[in-house]
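Okay, here's what each chain looks like letter by letter:
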Amino acid sequence: MKAFRVHEHGGPEALREETLPDPAPAADEAVVEVRACALNHLDLWVRRGVPGHRFPLPITPGCDIAGVVAEVGSVVRNAKAGDRVVVAPGFGCGWCEACGDGDDNLCREYGIMGETRDGGYARYVRVPSRLLIPIPAGMAFEQIAAVPLTFLTAWHMLIGRCGLRAGDDVLVHAAGSGVGSAAVQIAKLCGARVWATASTEEKRAKARDLGADGAFGYEGFAEEVRKRTEKRGADIVFEHVGTATFEGSLKCLAKGGRVVTCGATTGADARFDLRAVFFKSLSILGSTMGSRGEVMRIVRLVGQGRLKPVVDRVLPLSEIRRAHELLEKREQFGKIVVVPEA
Ligand SMILES: NC(=O)c1ccc[n+]([C@@H]2O[C@H](COP(=O)([O-])OP(=O)(O)OC[C@H]3O[C@@H](n4cnc5c(N)ncnc54)[C@H](OP(=O)(O)O)[C@@H]3O)[C@@H](O)[C@H]2O)c1
Ligand SMILES: [Zn+2]
């Protein structure tokens, strides 16, 4: 089969096209014929490398996979050849205390498709069978592939970590990002008032179309939030931009507010005044991924049309390098999806 793999970290050219043997499933795995794979910022980190972190190279990136089951291992009972499936992107060991509690993402052996084992930039991928989720009837592969990782991350941040409630004022940074476009919708679904940042007026208009009550640029966003919340500030700030926004994100919180972060796109150094943290009883929360059950709930809501995949464009897998460049240049709103050629 054809696959795009990373042997050494680098620019888009580090994605090398190769011919590999078709994979065979282990007893508790399925082999899925990939029909669509969505890109994530994670794919850029896997390709470029992250100082101090070791990825298992060579690796086939791609964590958001939808396709058709081609073959299942001998003990698999939850899927069969021909099933249309979307793949939950993360997996714990299944045996430890955290996994037993349903906190898969707190498992010490937690892994992600396309980061810790081969992912979806290929014609076929091996998948632990418990990650297979049936695709809602009538939904296209390119649409459902745009859902798992970003909606899971945003859901766990807002609901799992922040306890989002109806009436909360929520600031979502970068509504045009994968996680941001999911967060706007989840916060609206739960009855929040949603404010959004985005770099261009075109993206801000799309953020409003997605449901944001208002959208503005990054410059002076903290003042803008105070103005729009009758000077109260935001109950929740959805962070992932990092250094460029973090100080302002804390500044625009209401008393008792929480900032929740899953990323450091612009850098990992943050400055803030500790006195504001204690005087205003603020919480700074970290979050990574979430549980398999959360992905299943999200897929159900997508099937009901209450959450919508946001697909910026669909490209052939052969254009994966260009797809990475588009994401790096922030030209997308929502998700870029690639489709392997038959
Ligand atoms: N820990 C986890 O579980 C987890 C899960 C998912 C994502 N993440 C992290 O969260 C971040 C977002 O992920 P994603 O996949 O949603 O990313 P993405 O789709 O590539 O979007 C990144 C966004 O960053 C925004 N941005 C703002 N200032 C920027 C700047 N100065 N330079 C570059 N980009 C800037 C861009 O906003 P504009 O659209 O306004 O230009 C862009 O939309 C990444 O750092 C990712 O690694 C973490
Ligand atoms: Zn575990």
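The following paragraphs examine the structure supplied in this document. (Residues numbered from 1 in each chain as written. Chains lettered and ligands numbered in written order. Predicted model: local features only at pLDDT ≥ 70, side-chain atom pairs only at ≥ 80, totals over all residues. Heavy atoms only, no water.)

Some points on the pairing of strand β3 (residues 29-38)
Counting buried residues in β3 gives nine out of ten residues, a clear majority hidden from the surface. Two strands pair when backbone bridges link them, and β3 and strand β8 (residues 124-128) are joined in this way by five bridges, in the antiparallel orientation. Among the inter-strand pairings, E29 is bridged to a residue of β8, identified as P128. In the sheet, β3 pairs with strand β4 (residues 64-72) via eight bridges, with the strands oriented antiparallel. By the bridge assignment, V34 is partnered in β4 with G67. Sheet analysis places β3 next to strand β17 (residues 335-339), joined by two bridges and oriented antiparallel. Looking at the pairing, C37 lines up with V338 of β17. (Buried < 20%, exposed > 50% of the residue type's maximum accessible area, 1.4 Å probe, protein only. Helix = DSSP H or I, 4+ residues; strand = E, 2+ residues; numbered from the N terminus. Pairing = 2+ DSSP bridges.)

What about the coordination of the zinc ion (ligand 2)?
By definition of the ideal shapes, four donors in a tetrahedron about a metal sit 109.5 degrees apart, and six donors in an octahedron sit 90 or 180 degrees apart. Around the zinc ion (ligand 2), the protein contributes the donor atoms C93 (SG), C96 (SG), C99 (SG) and C107 (SG), at 2.3 to 2.4 Å from the metal centre. Around the zinc ion (ligand 2), the four donor atoms are arranged such that angles at the metal cover 105 to 114°; this shape is classified as tetrahedral. Sequence spacing of the donor residues for the zinc ion (ligand 2), all on one chain, is C-x2-C-x2-C-x7-C. Here the residue C96 occupies a position in the loop between β6 (90-91) and α2 (97-100), and C107 occupies one in the loop between α2 and β7 (111-112), the gap between them amounting to eleven residues. Judged by its relative accessible area of 26%, C96 is partly exposed. (Donors = N, O, S within 2.8 Å, 3.2 Å for Na, K, Ca; no water. Tetrahedral: all angles 85-135°; square planar, octahedral: opposite > 155°, others 65-115°.)

Concerning unusual backbone geometry
Between L57 and the following residue, P58, the backbone shows a cis peptide bond with an omega angle of -5°. Checked against the element boundaries, P58 lands in the loop between α1 (41-48) and β4. The phi dihedral of K231 falls on the positive side, at around 70°, and the residue is not glycine. Along the chain, the position of K231 falls in the loop between α7 (221-228) and β13 (234-239). Even without being a glycine, R330 presents a positive backbone phi close to 60°. With respect to the secondary-structure elements, R330 resides in the loop between α11 (320-328) and β17.

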